[in-house]
Amino acid sequence: MSDETISRDGDDEARTVRRRFWEKARRTVGLVPFLEDAVAAFYCAIDPATPTWVKGTLFGALAYFILPFDAIPDFIVGLGYTDDLAVLMGALRAVGAHVTDVHRAKAREAISRLRQET
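Residues numbered from 1 in each chain as written. Predicted model: local features only at pLDDT ≥ 70, side-chain atom pairs only at ≥ 80, totals over all residues. Heavy atoms only, no water.

Structural notes on the confidence of the model for the protein chain
Rules: Per-residue confidence from the prediction method is given by pLDDT, with values spanning 0 to 100. Runs of E in the DSSP output that reach at least two residues are strands. Runs of H or I that reach at least four are helices, and both are numbered from the N terminus.
Taken as a whole, the protein chain shows an average pLDDT of 85; of its residues, 81% reach a score of 70 or greater. Across the protein chain, element-level confidence peaks in helix 2 (residues 35-46) with a mean pLDDT of 97 and bottoms out in helix 1 (residues 3-28) with 73.

This is the structure in structure tokens:
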């Protein structure tokens with residue numbers, strides 16, 4: 001696989017996440033305890049100051065969260081989001097130092113707005 005193919009695949013993931021992230025966040029507010037981490041990761045991934053490799057890691061984990069093809073389907077009560085959590089926590093463990101207090105504050109504000117919408 002060439003670097004160009006990898007870059008194109010990463011760009012596709014980023015576009016998919018940007019387009020579908022908030023829809024998934026709205027559907028899962030109050031259902032997944034790690035939503036704040038996911039939203040903070042999203043804000044970090046779209047931050048122009050974030051290094052490209054960090055964005056790629058976060059967009060990959062967020063794509064796993066929003067796409068319907070999972071190792072464990074999300075509709076299975078009690079287990080459905082455990083694989084999403086594992087992928088996101090692995091990504092945050094690798095690049096978490098780049099998720100700033102500003103990203104986390106924006107995440108808290110966004111989740112508060114989402115809760116008010118429901």
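From this point, things continue past the structure.
With respect to the packing of aromatic side chains
To keep it simple, the criterion reads: Only rings of Phe, Tyr and Trp enter the pairing, Trp through its six-membered ring, and a pair is recorded when the two centres are within 6.5 Å. The plane angle decides the type: under 30 degrees is stacked, over 60 is edge-to-face, the rest tilted. For every residue, the accessible area (1.4 Å probe, protein chains only) is compared with the maximum for its type, and the residue is labelled buried under 20%, exposed over 50%, or partly exposed between those bounds. Over a ring means this: the NZ of a Lys or the CZ of an Arg is within 6 Å of the ring centre and within 35 degrees of the ring normal.
One pass over the full model with this rule turns up 7 aromatic pairs. Measuring from centroid to centroid gives 5.5 Å for Trp22 and Phe42, while their planes differ by 80°, and the two rings are edge-to-face. Residue Trp22 is located in helix 1, and its partner Phe42 is located in helix 2; the two are separated by 20 residues in the primary sequence. Relative to Phe65, the ring of Phe34 lies with its centre 5.6 Å away and its plane at 70°, an arrangement referred to as edge-to-face. One end of the pair, Phe34, is in the loop between helix 1 and helix 2; the other, Phe65, is in helix 3 (residues 52-66), with 31 residues separating them in the sequence. Each member of the pair, Phe34 together with Phe65, is buried. Taken together, the ring pairs in this structure connect Phe21, Trp22, Phe34, Phe42, Tyr43 and Phe65 into an aromatic cluster. The ring of Phe65 has Lys24 lying over it, and the distance from NZ or CZ to the ring centre is 5.4 Å.

Comments concerning the environment of Ala41
Positionally, Ala41 belongs in helix 2. Along the primary structure Ala41 and Arg104 are separated by 63 residues, whereas in three dimensions their C-alpha atoms are 8.3 Å apart.

A short note on the packing of helix 2 against helix 3
Test applied: Fitting a line to C-alpha atoms yields each axis, with helices limited to the stretch in contact; the angle taken between N-to-C directions then spans 0 to 180 degrees. In these notes the angle categories are as follows: under 35 degrees is roughly parallel, over 145 is roughly antiparallel, 65 to 115 is roughly perpendicular, and the rest is oblique. For any pair of crossing helices, the crossing counts as left-handed if the nearer helix is rotated counterclockwise from the farther one by less than a right angle, and right-handed if it is rotated clockwise. Note on contacts: a residue pair qualifies if any of its non-hydrogen atoms lie within 4.5 Å across the two residues. For this scheme, ten residues count as nonpolar: Ala, Val, Leu, Ile, Met, Phe, Trp, Tyr, Cys and Pro. Four count as charged, namely Asp, Glu, Lys and Arg, and the remainder, Gly too, count as polar.
In the contact formed by helix 2 and helix 3, the axes pass within 9 Å of each other and the chain directions differ by 140°. Relative to helix 3, the element helix 2 is oriented oblique. Helix-helix and strand crossings are classified by hand; for helix 2 and helix 3 the assignment is left-handed. Each of Leu35, Ala38, Ala41, Phe42, Cys44, Ala45 and Ile46 in helix 2 lies in contact with helix 3, whose residues at this interface are Val54, Lys55, Leu58, Phe59, Leu62 and Phe65. Taken together, the residues of the contact of helix 2 with helix 3 sort by class into 12 nonpolar, no polar and 1 charged.

What about helix 4 (residues 82-95)?
As a reminder of what qualifies: Each residue after the first adds 1.5 Å to the expected span of a helix.
Compared with an ideal rise of 1.5 Å per residue, which puts 14 residues at 20 Å, helix 4 spans 20 Å between its outermost C-alpha atoms and is within 8% of the ideal. Every buried residue of helix 4 is accounted for by Asp83, Asp84, Leu88, Ala91, Leu92 and Val95. Taken together, the buried residues of helix 4 touch helix 2 and helix 3.

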